[in-house]
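One-letter residues, chain by chain:
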Amino acid sequence: MSIPNHILEQLNSQADLISIIGRHTTLKRAGSEYKGCCPFHGEKSPSFYVNPQKNIYHCFGCSVGGNAISFLRDYENLTFIEAVKELSKQTGIEIPEDEQQNVSYQRSAPKPAHKPTAPNRSATPSKNQSTNHASVHQDSSPNEQVRAKQNAHQDGTYQDSTYNDINNYHDYPPLDAYDSAPYSTDNMDDYGSDYQNDTSQPPSWLMNEDTAALYDDSNAHNDSNAPTKDGNLYDLLEQLQQFYQQNLSKHPHAKHYFLSRGLTEDTFETFGLGYAPFGWQHLEHQFPQDIEGLKALGLVRQSESGRDYDLLRDRVIFPIRDNQGRTIGFGGRALDDEVKPKYINSSDSPVFHKQHVLYGYYESRQQRANDWLVVEGYMDVIALYQAGIYGAVASMGTAINESQISRLLTLNPTLTLSFDGDSAGQKAAWRTLEVALPVLADDKELRFLTLPNNHDPDTFIKSQGSDAMREQITNAMPLSQYIFAYLSDRYDLKLAEGKAKLMSQVRSLTTALPKGSSFRYLLNNDIYQKLGGKRSQNVEAKDALLDFDGDMTISQQLQLCFLFQPRALLDDPIESIWQQAGIIDLQLPAHIKQKASADSLRALAWEDLQDDALFDIVSTIKRCLNCLPKDANAAAHFVLSNVQHVTQEKLSRSWAGFYKTLTARNILSLDQLIENLVMQLLKLHLQKKMQELIKNPDHIKLAIVRKQTQLLNDWLLAQQAEQSAQMGTTPS
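The notes below deal with the structure included here. (Residues numbered from 1 in each chain as written. Predicted model: local features only at pLDDT ≥ 70, side-chain atom pairs only at ≥ 80, totals over all residues. Heavy atoms only, no water.)

1. Overview of the sheet that holds strand S3 (residues 48-51)
Taken in spatial order, the 5 strands make up an open sheet running S1-S2-S3-S4-S5, and their pairing is antiparallel. Edge positions in the open sheet fall to strand S1 (28-30) and strand S5 (65-66), since each of these has one partner strand only. Taken together, the 3 bridges between S1 and strand S2 (residues 33-36) define a ladder with antiparallel strand orientation. Residue pairing in the sheet places Lys28 in a bridge with Lys35 of S2. (Pairing = 2+ DSSP bridges. Helix = DSSP H or I, 4+ residues; strand = E, 2+ residues; numbered from the N terminus.)

2. Section: the pattern of salt bridges
Taken as a whole and assessed by the stated rule, the structure comprises 16 salt bridges. Between Glu363 and Arg321 there is a salt bridge, with the nearest N and O atoms lying 2.7 Å from each other. Here Arg321 lies in strand S11 (residues 315-321) and Glu363 lies in helix H14 (residues 361-366), a separation of 42 residues in the sequence. Pair check on accessibility: Glu363 and Arg321 agree, each one buried. A salt bridge links Asp526 to Lys530; the nearest nitrogen and oxygen atoms lie 2.6 Å apart. Here the residue Asp526 and the residue Lys530 both occupy positions in helix H22 (residues 518-530), the gap between them amounting to 4 residues, near one helical turn. Residue class for Asp526 comes out partly exposed when judged on its relative accessible area of 26%. (Salt bridge = Lys/Arg side-chain N within 4 Å of Asp/Glu carboxyl O. Buried < 20%, exposed > 50% of the residue type's maximum accessible area, 1.4 Å probe, protein only.)

3. Structural notes on the pairing of strand S14 (residues 372-375)
Of the two faces of S14, the one lined by Trp372 and Val374 and the one lined by Leu373 and Val375 are each fully buried. Pairing analysis gives 3 bridges linking S14 to strand S16 (residues 414-418), with the strands arranged parallel. Bridge pairing links Leu373 to Thr416 in S16. Direction of pairing for S14 relative to strand S15 (residues 392-394): parallel, over a ladder of 3 bridges. Following the sheet pairing, Leu373 is matched in S15 by Ala392. You can see the chain leave S14, run along helix H15 (residues 378-386) and come back into S15, and the turn it takes is right-handed. (Right-handed = clockwise from strand over helix to strand, strands pointing away.)

4. Topic: the nonpolar core
Core analysis: the largest hydrophobic core is formed by 58 residues, its most contacted members being Leu240, Phe258, Leu273 and Tyr359. Considering each element in turn, this core owes the most residues, 8 residues, to helix H9 (residues 233-250). Excluding residues that lie within four positions of it along the chain, Tyr359 makes contacts with Phe271, Leu273, Phe318, Pro319, Ile320, Tyr378, Val381, Ile382, Ala392, Val393, Ala394 and Met396. In this structure, Phe562, Ile592, Trp655 and Leu682 belong to the second largest nonpolar core, which totals 56 residues. (Core = buried A, V, L, I, M, F, W, Y, C linked by side-chain atoms within 4.5 Å. Contact = heavy atoms within 4.5 Å.)

5. What about the packing of aromatic side chains?
One pass over the full model with this rule turns up 31 aromatic pairs. Ring geometry for Phe564 and Tyr659: centres 6.1 Å apart, planes at 50°, overall tilted. Taken together, the residues span a long stretch of sequence, with Phe564 in helix H24 (residues 554-564) and Tyr659 in helix H30 (residues 645-664) at a distance of 95 residues. A residue is classified by how much of its surface remains accessible, and Tyr659, at 23% relative accessible area, is partly exposed. (Phe/Tyr/Trp six-rings, centres within 6.5 Å; stacked < 30°, edge-to-face > 60°.)

6. Some points on the environment of Glu292
If you trace the backbone, Glu292 turns up in helix H13 (residues 291-296). Sequence-wise, Glu292 and Arg107 are 185 residues apart; in three dimensions their C-alpha atoms are separated by 6.9 Å. In this view, Glu292 contacts Tyr105 and Gln106; residues no more than four positions away in its chain are not counted. At a separation of 3.4 Å, a polar atom in the side chain of Glu292 contacts the main-chain amide nitrogen of Gln106. (Polar contact = N/O pair within 3.5 Å; in protein donor to acceptor, adjacent residues only side chain to side chain.)

7. A short note on the state of the cysteines
This structure, assessed with the given rule, holds 0 disulfides. Sulfur of Cys37: no disulfide; nearest cysteine sulfur belongs to Cys38 and is 8.8 Å away. No disulfide involves Cys627; its sulfur sits 4.9 Å from the nearest other cysteine sulfur, which is in Cys624. Relative accessible area serves as the criterion here: at 47%, Cys627 is assigned to the partly exposed category. (Disulfide = S-S within 2.5 Å.)

8. A few points about the side chain of Gln426
Looking at the element boundaries, Gln426 is found in helix H17 (residues 423-436). The contact partners of Gln426, leaving out residues within four places of it in the chain, are Phe419, Asp420, Gly421, Thr450, Tyr482 and Tyr486.

9. A short note on the pairing of S3
Burial of the side chains of S3 extends over both faces: Phe48 and Val50 are buried on one face and Tyr49 and Asn51 on the other. Pairing between S2 and S3: 3 bridges, direction antiparallel. Paired with Gly36 across the bridge in S3 is Phe48. Bridging between S3 and strand S4 (residues 56-59) involves 4 bridges; their strand directions are antiparallel. In the strand pairing of S4, Phe48 is matched with Cys59.

Quick look at the structure:
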């Protein structure tokens, strides 16, 4: 199976390499990279680096290195095809059914020059002849420049302006070591048919020691002087970008548009801004040999009458770049706001897939952006960049997708979404929220920024300045607040029905969060409280106990709880748990049951816990239950006056503060808290008993204790699941 090189490039470029490698070793941020211990060889000091900008890895210890495909092949033992299919699933990039689809196209033959029928030295060249010669000259010169530039770009070395400044890389190996790394990041030509059809061994450029020689041989066909009949879409796009950019300086009205928006000449150059002139066939006139390529890019289309026409006309141009900085498409904005549509993007093509590209991502990575911001438009991205606020990106006229959000959250665990305050903008923000929830682990955070007075980032910066914009980003609204604010505008919270509908939508949202998410419970509980619900007495009691003295043992906490609520011992908590968990009717194999003593099968008692102070409190309360005062404080003092002096001395120091804390919070019941504390003591006791029986073997007693422990754990898990279900359905 032959897969086009540009598809392989896109798969490697869009893959979440941090997550892929992070499944096998712990990676920590180190400047603009991640580092950790190499998964390929044992080491104690981290020498393995992953560069998320280039999406490559390299170990300075064992010299292994490569990209996403090579890691899946070499470490996870996938075949080449399996690795490609796995990345296709992760990124959403489809492998084309037409295996011949690639970035090449057939160029048309140049039109022959007209020969004069008879020599006439005094005759002047005709207008058509002059134009034709000029056109041929203009077409060949950019081709040579671009081809030379492309060869320089694909020479297999790590030349990147972001690595020129090494002042921030003083804690690990010098980055010029990447230039000698034996693998390429910019050119996938070495994925030849031999590599693609091989299902066992890694490619030669990762295995062969003399990789430099391999590169020299494999790139020999890139000689710019070699004749070729085929065009290259990347080459053509680079020529188009230069053509549009040159036209911007030739048309003052187009340049004035950008100047009136506050952009500088440096910004024109950084983003390659340009202008598509009037005329229905200006691209055909400029690139007469490349009509097939222009059609493949969707920049030249055919009308119903069969006539070709240019998609972008009289529009300012925004080149769209991939993660490697290559131009892969264009966005065009009408100069007249009355022209609809205002924005047009070039079509999907073999090199451009809208759903996998974020405008401004390449430029922000060049600036080593740390804080990332999703905005709505190209001009917002550019205005923020010009103001020195790097990390702004925009989708290609489609909603940002899950894989793009996941990638941005890998670069920084906090991602801010900035959408317009109008109805359309807020709907887009809400859709993005829904898309993001499945990848929003507990250590990730979404924040929402809606600028005041219907501003967008572009207009806000012009009005208030860059410092004010930074402050707005810092104070962006957390996800939990945004959800409540958004939904409370859509339901009448004065009515119980409105509150119920809001909670129903919140519960529906939180089911999309990752499995095991703590945020699911917390968000439901937080919004329930905002609607006027009260927290459960159990939660309040836990908080009160922790606030009172977080260093107390479980036994000491339980003793204070029994003093506050002595009637909890009317039905013995241990007996109640033993019965609910099914331990009281323990089902054992016949041979064990026959040999087991009656003592080993009875229910656990307080004296079995071997805690003198706890047993003293419990036995005293049980003895005095019928004569205790109704007032909790008076009852506690009555109990304390009847316990042993050592117990009394310890509890008396804590009782006054504990009682004051609980009454200040209006806590009336400690039933669930007492049950939880007793369960913890039982688990600790059974674990200790099991360890003793392992050291001093008694196989019959050990089998019984293991069965008791299993039943207690099963019951505890069932209790927790029931509580979570109640929180997800009926707030408590």
